[in-house]
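Summary of structural features
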Amino acid sequence: MTRGVVLHGTGGAWHVHCEDGESVVAALRGRVKHESGVKLAVGDEVVVARDTEGSGWAIAEVLHRRSRLARKEPGRARGERVIAANVDQVVVVFALRQPEPHVAMLDRFLVIAEANALAPRVVINKVDLAGEPEAKRVFGTYQTIGYPLHITSCRSGRGLDELREQLRGRTSVLTG
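Below or above, wherever it landed, is the structure these notes cover. In this text the structure is predicted, and so the values were computed from the model without any measurement.

Turning our eyes to something else, we now look at the environment of Arg31. As for its position among the elements, Arg31 is in helix α1 (residues 30–36). The partly exposed category is assigned to Arg31, whose relative accessible area is 45%. Through-space distance from the C-alpha of Arg31 to that of Gly169 is 34 Å; in sequence the pair is 138 residues apart.

Another aspect to go through is the side chain of Asn125. Residue placement: Asn125 occurs in strand β9 (residues 119–125). Here Ser153 takes part through its backbone nitrogen, which lies 3.5 Å from a polar atom of the side chain of Asn125. Of the polar contacts made by the side chain of Asn125, one reaches the backbone nitrogen of Cys154; its length is 3.0 Å. Setting aside anything within four residues of it in sequence, one finds Asn125 in contact with Phe94, Ala95, Leu96, Thr152, Ser153 and Cys154.

On to helix α3 (residues 132–144), then. For an α-helix, the turn length of 3.6 residues means that residues three or four places apart are oriented alike. End to end, α3 covers just 16 Å across 13 residues, shorter than the expected 18 Å (1.5 Å per residue, more than 12% under). The sharpest bend along α3 reaches about 60° and sits at Val138. Each element contacted by the buried residues of α3 is listed here: α2 (103–115), β9 and β10 (149–151). Where α3 terminates, the next one or two residues include Gly146, which has phi positive at roughly 110°.

Below, the discussion takes up the pairing of β9. In terms of burial, β9 is a largely internal element, six of the seven residues being buried. Direction of pairing for strand β8 (residues 89–95) relative to β9: parallel, over a ladder of seven bridges. Paired with Phe94 across the bridge in β9 is Ile124. For the handedness criterion, the β-α-β arrangement of β8, α2 and β9 is classed as right-handed. Bridge count for β9 against β10 is three bridges, and the pairing is parallel. In the sheet register, Val123 faces β10, and the bridge partner there is His150. Remark: the β9/α3/β10 crossover connection has right-handed handedness.

So, how was this worked out
Residues numbered from 1 in each chain as written. Predicted model: local features only at pLDDT ≥ 70, side-chain atom pairs only at ≥ 80, totals over all residues. Heavy atoms only, no water. Helix = DSSP H or I, 4+ residues; strand = E, 2+ residues; numbered from the N terminus. Buried < 20%, exposed > 50% of the residue type's maximum accessible area, 1.4 Å probe, protein only. Polar contact = N/O pair within 3.5 Å; in protein donor to acceptor, adjacent residues only side chain to side chain. Contact = heavy atoms within 4.5 Å. Expected span 1.5 Å × (residues − 1). Bend = angle between axes of the 7 residues up to and from the residue. Pairing = 2+ DSSP bridges. Right-handed = clockwise from strand over helix to strand, strands pointing away.

What follows is the structure, encoded as structure tokens:
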């Protein structure tokens, strides 16, 4: 048995990155599924073991989540869908240009992060296309009300060292 983190999964096959650095594909044991009542999500910490035939892997235990990023179940009045587990922060990334930013969508992402008690961080990329004054005009209010704002350019490297420092040692979800 070894511990690992769920990377992704489809059709009952979950890709798990184990403590020893190995990645395995594991099935969720029926007993575990029914006892825990938890639907697996990216970031869940699990215990995996060789199945009884020794030919594959099975998820033997789902460990307690320290946090989660969830949203309402689409099309339903009740319930939620866990998007990621064991997250420290939500990094919302928007381009300053190409495509044009949709500030209402940024607001929605920030509301979801706040509703899940996760620290949000705003990254505005492609500043090389319009300049920092334009970025501050469009997004400066977010910094004024307390959200960390990073103005970056992947093309020139501007602001990336500072952003890397804020990502280091944290489990982050990037969206946008």
